[in-house]
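# A closer look at the structure
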Amino acid sequence: MHEALGRTNSASEVAHGVTPPYGVTSVEHHKNFHGTCARADIDVCLELPGVEDNESKSAIVERLGQLFTAAGMADVHAIPRARVPVCKARHAANGTCFDVTVGRS
């Protein structure tokens, strides 16, 4: 998985590469002109069967932070203790910011 992440060209490819055989069920794209990103922002929600509690979601978010850092993403911030655990990052080459959460609750 680590090698595949290192060769990706887009934030969505990273998100898809982390979750096989599961899926990305929600991807939203919008303009963001505040924070660390002045370009497009992508919000991704991963739906992983059997991952229901925040402790499990927090662990996954922390691991995503490690994977995104290893893949060369910039401004990687895993926030596992948020009400909805999230990993925020920016694609180093094209500047696209993205947020990844696990589950909807």
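This text goes with the structure placed above it.
From a predicted model like this one, the values you see are computed outputs, not experimental measurements.

### With respect to the packing of aromatic side chains
Taken as a whole and judged by the stated rule, the model has one aromatic pair. Geometrically, the ring pair formed by Phe-68 and Phe-98 is edge-to-face, given 5.1 Å between the ring centres and 85 degrees between the ring planes. With Phe-68 in helix H3 (residues 54-70) and Phe-98 in strand E5 (residues 97-102), the pair connects residues that are 30 residues apart, well separated along the chain. Here Phe-68 and Phe-98 have matching classes, each one buried.

### A short note on the pattern of salt bridges
A full pass over the atoms with the stated rule returns two salt bridges. The closest approach of N and O atoms between Asp-75 and Arg-90, which form a salt bridge, is 2.8 Å. Here Asp-75, found in strand E3 (residues 74-79), pairs with Arg-90, found in strand E4 (residues 86-90); they are 15 residues apart in sequence, far enough to count as distant. Residue class for Asp-75 comes out partly exposed when judged on its relative accessible area of 33%. Note that Asp-99 and Lys-88 form a salt bridge whose closest N and O atoms lie 3.2 Å from each other. Residue Asp-99 is found in strand E5, and its partner Lys-88 is found in strand E4; the two are separated by 11 residues along the sequence. Taking relative accessible area as the criterion, Lys-88 reaches 32% and is therefore assigned partly exposed.

Each value, and the rule that gives it
Residues numbered from 1 in each chain as written. Predicted model: local features only at pLDDT ≥ 70, side-chain atom pairs only at ≥ 80, totals over all residues. Heavy atoms only, no water. Phe/Tyr/Trp six-rings, centres within 6.5 Å; stacked < 30°, edge-to-face > 60°. Helix = DSSP H or I, 4+ residues; strand = E, 2+ residues; numbered from the N terminus. Buried < 20%, exposed > 50% of the residue type's maximum accessible area, 1.4 Å probe, protein only. Salt bridge = Lys/Arg side-chain N within 4 Å of Asp/Glu carboxyl O.

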